[in-house]
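Below, each chain spelled out in residue letters.
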Amino acid sequence: MRWEKRCLDMNCPKIDFHIHTVISDGTDTLPVLLDKVREAGIEIFSVTDHDAVKAASALPQLRQQGDPVFLPGVEFSCRDEAGKYHILGYGYDPESESIRSAVDYGHSLRMKKVTARLDYLREHFGFDFPPGELSQILSLDNPGKPHIANLMVKLGYSKTKEEAIAEYINKVRIGGPSYLRPEQAIDAILGAGGIPVLAHPFYGDGDQLILGDEMKARLETLSGFGLRGVEAFYSGFTVRLIRQMLSFAEHFGFYVTAGSDYHGKNKMIALGDTGLDQTLDYPEGLLRFLRDTADRTR
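Residues numbered from 1 in each chain as written. Predicted model: local features only at pLDDT ≥ 70, side-chain atom pairs only at ≥ 80, totals over all residues. Heavy atoms only, no water.

Right, let's talk about the pattern of salt bridges for a bit. Per the stated rule, a full pass over the model turns up 13 salt bridges. Of the charged contacts, one joins Arg 100 and Glu 95 as a salt bridge, the two residues approaching to 3.4 Å between their closest N and O atoms. The salt bridge involving Arg 291 is made with Asp 292; its shortest N-O contact spans 3.2 Å. Using a relative accessible area of 34% as the deciding quantity, one classes Arg 291 as partly exposed. (Salt bridge = Lys/Arg side-chain N within 4 Å of Asp/Glu carboxyl O. Buried < 20%, exposed > 50% of the residue type's maximum accessible area, 1.4 Å probe, protein only.)

If you want it as structure tokens, here you go:
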């Protein structure tokens, strides 16, 4: 309730509910990230590493009195017949069997994809990855495309990380299940007492932009699975996109969240760059989210 009162006084807290660390594909360790969150003046934040809840248990131990408020988070990479989704989860119990099972399954799929990509690059392009470098990647909590791409740049196989992903890594086709389905992620978050939210809703596969009726149909499907919120404020969204998503949030009665998708050096996005600076007042859906998650923070 204190956050709502501050917003009524035109003094809303600075927030960022979409942040990645070295636990997935970011470059900051948890202590470094916490320092940066303090320096950025962020008052409430969440770490949403891909298919991982390690930060939800570890970061509260690092916080000191007076530090920014921390809300446990996670981001699941999902796909179904309609395309790709990223499902965020907030305020869950990190020890819940429901969330742990989904994380373990997501991790196994991630390791399957990493191995398939490395094999493909070696067999089709002749890229020789030293055993020590391979062991380092495979020992990571949640290795992904950026880790392989950075190694390719380091070894001179590509000029940039972006080129490595677009011209080489994305050419790999992986058979069988390689992602959680959105309903699996949503069920896992709800089962752990959390709030499932659709990350950067307008973005689909690659450069795909999902708008209008197509977006509405996607939200209807996800709402049927138990989705409870949308990330209406996001570092890459224009004012037009934000307004459209706020309209959808009002229509479905969704919570509203705001996130930068900060990845440290792996993305040119600043902490706290959520798009909230494009509005004078926090929308009702965001105020509800702040209020209803207040007792889940650490």
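Glancing now at the environment of Gly 259. Relative to the assigned elements, Gly 259 resides in strand 8 (residues 255-259). Note: C-alpha distance between Gly 259 and Val 32 (227 residues apart in sequence) is 19 Å. The contacts of Gly 259, once residues within four sequence positions are left out, are Asp 16, Phe 17, His 18, Glu 231, Phe 233, Tyr 234, Ser 235, Asp 273 and Thr 274. (Helix = DSSP H or I, 4+ residues; strand = E, 2+ residues; numbered from the N terminus. Contact = heavy atoms within 4.5 Å.)

In terms of burial, strand 4 (residues 73-80) is a largely internal element, seven of the eight residues being buried. Two elements, strand 4 and strand 5 (residues 83-90), share eight bridges in a ladder whose sense is antiparallel. Note that in strand 5 the partner of Asp 80 across the bridge is Gly 83. (Pairing = 2+ DSSP bridges.)

What follows is about the packing of aromatic side chains. Counted by the stated rule, this structure contains 16 aromatic pairs. Considering the side-chain rings of Tyr 120 and Phe 125, the 6.1 Å spacing of their centres and the 65° angle between planes classify their relative orientation as edge-to-face. With 5.8 Å between their ring centres and 70° between their planes, Tyr 255 and Phe 289 make a pair best called edge-to-face. Of this pair, Tyr 255 sits in strand 8 while Phe 289 sits in helix 11 (residues 284-292), and the two are 34 residues apart along the sequence. Take Tyr 255: its relative accessible area is 5%, and that puts it in the buried class. (Phe/Tyr/Trp six-rings, centres within 6.5 Å; stacked < 30°, edge-to-face > 60°.)

These figures come from the coordinates and say nothing about function on their own.
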